[in-house]
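Structural features, examined
For reference, the chains in residue letters:
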Amino acid sequence: MTSRMQSPHTTCPGCQEEVFLDELVGGKCPLCGCTLEDFEESFGEYEGILDRSDLSWLIFNYFVFKKFVDLGVPPHQVMELVTTYSQNAEKPPEEWSKTCFSLEIPMKPWDRILPKHCAKCHRWFIRGGKKQIQGDMKKTALDVGFICDRC
């Protein structure tokens, strides 16, 4: 068994499976029929798609996504926020539309017990409601508030 693991192997670029070089059929992957040369030629076509400037945008989106998901925001709400921000980023800041956002997060155990003040109708409530993060894309501050079941 150990001799098999020490034999030369590679990962097939077509099907992403580990293939031992002595299993290749005519220089092709036995699972999908892909050769390394075919993949290297097609990889050159996609080389220009991701530019160095795209890398910073991807990193920014990753950290925004990670921050909000760590707070408990559902991923689809984060993706909607990132999409809106990317649409606004193409325009000058004066022409940005829909810069305010409100994302729902889960309540902590002590949030369920303590009295809460509704951010919309300004009533006090103890049971139910939702906890939200509110902010503006033009500012860095986030406000955490509660919304009662009536609103």
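For the structure itself, consult the block above.
These remarks concern the structure in this document. (Residues numbered from 1 in each chain as written. Predicted model: local features only at pLDDT ≥ 70, side-chain atom pairs only at ≥ 80, totals over all residues. Heavy atoms only, no water.)

With that settled, consider the pattern of salt bridges. Taken as a whole, this structure holds two salt bridges when the rule is applied. Aspartate 70 is the partner of lysine 66 in a salt bridge, and the nearest nitrogen-oxygen pair spans 3.1 Å. Linking lysine 66 with aspartate 70, this pair stays in helix H3 (residues 52–71), spanning four residues, or about one helical turn. Residue lysine 66 is classed as partly exposed on the basis of its relative accessible area of 35%. Taking the shortest distance from any N to any O, the salt bridge between lysine 131 and aspartate 111 comes out at 2.7 Å. Taken together, the residues span a long stretch of sequence, with lysine 131 in strand E6 (residues 130–136) and aspartate 111 in helix H5 (residues 109–113) at a distance of 20 residues. Taken individually, lysine 131 and aspartate 111 each receive the classification buried, so the pair is uniform in this respect. (Salt bridge = Lys/Arg side-chain N within 4 Å of Asp/Glu carboxyl O. Helix = DSSP H or I, 4+ residues; strand = E, 2+ residues; numbered from the N terminus. Buried < 20%, exposed > 50% of the residue type's maximum accessible area, 1.4 Å probe, protein only.)

A separate point is helix H4 (residues 75–89). Over its 15 residues, H4 extends 21 Å from the first C-alpha to the last, a length consistent with the 21 Å expected when each residue adds 1.5 Å. Looking only at H4, the buried set comprises Gln77, Val78, Leu81, Val82, Thr84 and Asn88. Along H4, the residues classed as buried sweep out an arc of 160 degrees about the axis, all on the same side. The exposed set on the far side of H4, more than 90 degrees from its buried face, consists of His76 and Glu80. (Expected span 1.5 Å × (residues − 1). Arc of directions from axis to C-beta.)

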